[in-house]
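Analysis of the macromolecular model
Listed here are the chains, written in short residue letters.
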Amino acid sequence: MIVVKVGGSAGIDYGAVCADIANLWKSGQKLVLVHGGSGETNRVAEALGHPPKFVTSPSGYTSRFTDRQTLEIFEMVYCGKINKGIVERLQRLGVNAVGLSGLDGRIFEGKHKDSVRSVEGGKVKVLRGDHTGTVEKVNTGLIELLLGAGYLPVLTPPAVSYEGVAINVDGDRAAAALAVALKASTMLLLSNVPGLLRDYPDEASLIRTIAASDVESYLEFAQDRMKKKVLGAAEAVKGGVGRVIFGDARAGEPVSAALAGAGTVVQ
Ligand code: ADP
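Residues numbered from 1 in each chain as written. Predicted model: local features only at pLDDT ≥ 70, side-chain atom pairs only at ≥ 80, totals over all residues. Heavy atoms only, no water.

Section: the packing of aromatic side chains
In this structure the tally under the stated criterion is two aromatic pairs. Relative to Y78, the ring of F74 lies with its centre 3.9 Å away and its plane at 20 degrees, an arrangement referred to as stacked. Residue F74 and its partner Y78 are located together in helix α3 (residues 68-92), separated by four residues, close to a single helical turn. A relative accessible area of 7% means that Y78 is categorised as buried. Note on Y218 and F221: the rings are 5.7 Å apart at their centroids and 50 degrees apart in plane angle, and the pair reads as tilted. Taken individually, Y218 and F221 each receive the classification buried, so the pair is uniform in this respect. Here the basic side chain of K227 rests over the ring of Y61, its NZ or CZ set 5.5 Å away from the ring centre. (Phe/Tyr/Trp six-rings, centres within 6.5 Å; stacked < 30°, edge-to-face > 60°. Helix = DSSP H or I, 4+ residues; strand = E, 2+ residues; numbered from the N terminus. Buried < 20%, exposed > 50% of the residue type's maximum accessible area, 1.4 Å probe, protein only. Lys NZ or Arg CZ within 6 Å of the ring centre and 35° of its normal.)

Here you go:
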């Protein structure tokens, strides 16, 4: 079993990712696809007159402040446009894909965090009305059912809180929790960079391998959103996933290339 997470940043070639996945799937590789959608969500939010607001926590992590309206725009893009776009591509390629969010069947479950601490102008502010959280539990029943019946699950945030409220969660860490729950041998985190760069954005500074016991020490090279990928990788290998690969989804055969070791291999 492999878990493939494909991001939502500019430059990602969904056509290439889906074609590669279709070939692997048809050759008998069991897999689950998880996707993001942050770039498109930002564009749609601007167009709808509700521009995105990002907050940086005192420990340096950046996240989207998700009020109710943002959550609804987030769902339109992630669960609508992007999820159905991927399912349509896979269907066209002859793969019987089924698109679901973490709400459906409570696949991704976690605690709802209503307030977030944000550093603004050197001061720490507390913002309320946030609909975010972290995946703490993966309910694999529905996924196993689908896989057993020959369907390829295509999953996306949001997750569901214990109270049944939709929460925005980080896709990389959700994919990591899923990979652990499914006892995946490999998790791929595909984005618009060749892997983890020691000296971002210099692509020649690609880090080729990271020892599983040492992942967290590489957080220092990751800025903003890349940090979540490094954290997700650490969580996955700690949870028993054999290897995690940060790969490039901009062209070629992104999934096969990453499986062959292109990118940053955490093992
Ligand atoms: P996605 O939505 O595709 O999952 P993110 O935007 O969340 O991707 O994270 C990938 C981004 O992280 C890259 O596009 C890059 O701008 C940024 N980044 C920050 N630091 C690094 C680094 N050290 N190596 C590679 N990318 C980095």
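From this point, the narrative continues.
As for the pattern of salt bridges
Taken as a whole and judged by the stated rule, the model has 14 salt bridges. Between K81 and E40 there is a salt bridge whose closest N-O contact spans 2.8 Å. Here K81 is found in helix α3, whereas its partner E40 is found in helix α2 (residues 38-47), with 41 residues between them in sequence. On the basis of relative accessible area, K81 is assigned to the exposed category, the value being 53%. (Salt bridge = Lys/Arg side-chain N within 4 Å of Asp/Glu carboxyl O.)

A look at the UniProt feature "site: Transition state stabilizer" (unreviewed entry) in the chain
The UniProt record marks K5 and K229 with the feature "site: Transition state stabilizer" (unreviewed entry), using the residue numbering of this structure. A maximum C-alpha distance of 10.2 Å places the annotated residues, which cover 225 residues in sequence, within one compact spot. Note that K5 resides in strand β1 (residues 2-6). Discounting chain neighbours no more than four positions away, the residues touching K5 are V34, H35, G36, G171, D172, A175, L188, L189, L190 and K229. For K5, the side chain forms a polar contact with the side chain of D172, separated by 2.9 Å. Secondary-structure assignment places K229 in helix α6 (residues 226-238). The class for K229 is buried, based on a relative accessible area of 7%. Those residues in contact with K229 that sit more than four places away from it in its chain are K5, D172, L189, S191 and F246. (UniProt positions renumbered as here; feature names shortened; annotations may be inferred. Contact = heavy atoms within 4.5 Å. Polar contact = N/O pair within 3.5 Å; in protein donor to acceptor, adjacent residues only side chain to side chain.)

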